[in-house]
Amino acid sequence: MTTGELERDERLILSELLNHVLDKGVVVSGEITISVADIDLLHAGVSLVLSSTETLDEARRRRVSAGARASDDDHVSVLPRDT
Amino acid sequence: MPDPGLSGLGGAPVRAVPVGPVTAWVSDVADDVLREPNADLVRAHDAVVRAAMESETPLPARFGQTFFDDAALRGALTGRSAGLARGLQRVRGAVEMTVRALLEGPAAPARPRASGDVPPGTSGRQYLEWLRGREQAAEARRRQADFLHARVARAVGELVRAEARASAPASTQTLTISHLVPRDAVAQYRGALGAFVEREPHLRLLVSGPWAPYSFAEPPDA
């Protein structure tokens, strides 16, 4: 796996995070600092990944072997998994 | 109650502010911290939400909300605390799982904003045909999304307590559905989706989670 692919998978995980944290959740304040204009772009990025034939599995193995937190494991997966 | 060692955006300790039947987890943040938001701040927000998940499923707040002081926060929450307590009841013992599927075919073209979208030299009749073609593409995509949505719903069946379909713009080509899944059913949920894509070899799904119930934090009728 190349550095570019690894970066892409990290971006995908980040995109999922941003989609949840910036676009959803309870709103109690009228003052929200963050614009979510980029959310559409994030969706488009997910489309690109889903249409490719690669999976996240290799990136995940790398992260785990590099000592990443266990909670990262299985957080984002593309089905079906290539074996 | 937040763990004494838990810190929020910018490293300030997270503390509890009780308001009627609910408790808000907050941390003090300097004026300039949110001026230039970045991914690390978003991760810090989600980390606090995840810490809360360890004891009880919270209603996660959307990122970036600030109040002048605790009194301003109490004022904003007071009128809503009963509704939020009902929300907490709704998500109790559950997590959010999100599934995205790619829709097939070309994206429906964006809504025309200006005549600049139309190729130069287009006649009135060509323009109307072009408009109709766009409408048909969008309609086909909507039907495909509805069809796929129904099949995903059947695949996960009784494993989910509630679902929320995101209203993604037609141009993005993805169907996004979030499910509220009991914590002890997450493995079964993943298994059900895995079996589903094995039966549907042309499909690719992106499954993420468990998340705090971001998509179920507001009342369903909001």
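Our subject is the structure that appears above.
Residues numbered from 1 in each chain as written. Chains lettered and ligands numbered in written order. Predicted model: local features only at pLDDT ≥ 70, side-chain atom pairs only at ≥ 80, totals over all residues. Heavy atoms only, no water.

It is worth spelling out the overall build of chain B at this point. Summing up its helical and strand segments, chain B has five helices and six strands in all. Looking at chain B as a whole, 40% of its 222 residues are labelled buried. Put simply, 69% of the contacts in chain B that link residues at least 6 apart link residues at least 24 apart. A total accessible area of about 12000 Å² is found for chain B, and carbon and sulfur atoms account for 53% of it. (Helix = DSSP H or I, 4+ residues; strand = E, 2+ residues; numbered from the N terminus. Buried < 20%, exposed > 50% of the residue type's maximum accessible area, 1.4 Å probe, protein only. Contact = heavy atoms within 4.5 Å. Areas by Shrake-Rupley, 256 points an atom, 1.4 Å probe, with all protein chains shown as cover.)

This part takes up the packing of helix 4 (residues 124-156) of chain B against helix 5 (residues 186-199) of chain B. Residues and elements named next belong to chain B. Contact pair helix 4 / helix 5: the axes reach a minimum separation of 9 Å and the direction vectors enclose 130°. Taken together, the axes of helix 4 and helix 5 lie oblique to each other. Crossing handedness for the pair helix 4 and helix 5: right-handed. Along its contact with helix 4, which presents Arg151, Val152, Ala155 and Val156, the element helix 5 presents Tyr189, Ala192, Leu193, Phe196 and Arg199. Partitioning the contact of helix 4 with helix 5 into residue classes produces seven nonpolar, no polar and two charged. (Axes fitted to C-alpha atoms, helices over the stretch in contact; angles between N-to-C directions. Parallel < 35°, antiparallel > 145°, perpendicular 65-115°, else oblique. Left-handed = near helix turned anticlockwise from the far one by under 90°. Nonpolar A, V, L, I, M, F, W, Y, C, P; charged D, E, K, R; others polar.)

All names here are of chain B. What the largest pocket holds in volume is close to 1400 Å³. Looking at the lining of the largest pocket, the elements that each hand over two or more residues are strand 2 (22-26), helix 1 (39-53), helix 2 (70-78) and helix 3 (81-91). Considering each element in turn, the lining of the largest pocket owes the most residues, five residues, to strand 2. A breakdown of the residues in the lining of the largest pocket according to their chemical character gives 26 nonpolar, 11 polar and eight charged. (1 Å grid on protein atoms, 1.4 Å probe; cavity = no way out; pocket = protein on both sides within 12 Å on 5 of 7 lines; lining within 4 Å. Points joined across faces, edges and corners; volume = space filled by probe spheres on them.)

When glycine is set aside, most residues are seen to have a negative phi, and most peptide bonds are trans. In this model, Gly209(B) is joined to Pro210(B) through a cis peptide bond whose omega is 5°. Relative to the elements of secondary structure, Pro210(B) occurs in strand 6 (residues 205-211).

Residue and element names in this part refer to chain B. Scanning the model with the defined rule gives 13 salt bridges over all chains in all. One salt bridge in this structure joins Asp70 and Arg15, with 2.8 Å as the shortest N-O distance. Of this pair, Asp70 sits in helix 2 while Arg15 sits in strand 1 (residues 15-19), and the two are 55 residues apart along the sequence. The exposure class assigned to Asp70 is partly exposed, which follows from its relative accessible area of 24%. Of the charged contacts, one joins Arg125 and Glu129 as a salt bridge, the two residues approaching to 3.8 Å between their closest N and O atoms. Of this pair, Arg125 and Glu129 both sit in helix 4, four residues apart, which is roughly one turn of that helix. By relative accessible area, which is 40% here, Glu129 ends up partly exposed. One network of salt bridges, in which partners are shared, links Glu135, Glu139, Arg142 and Arg143. (Salt bridge = Lys/Arg side-chain N within 4 Å of Asp/Glu carboxyl O.)

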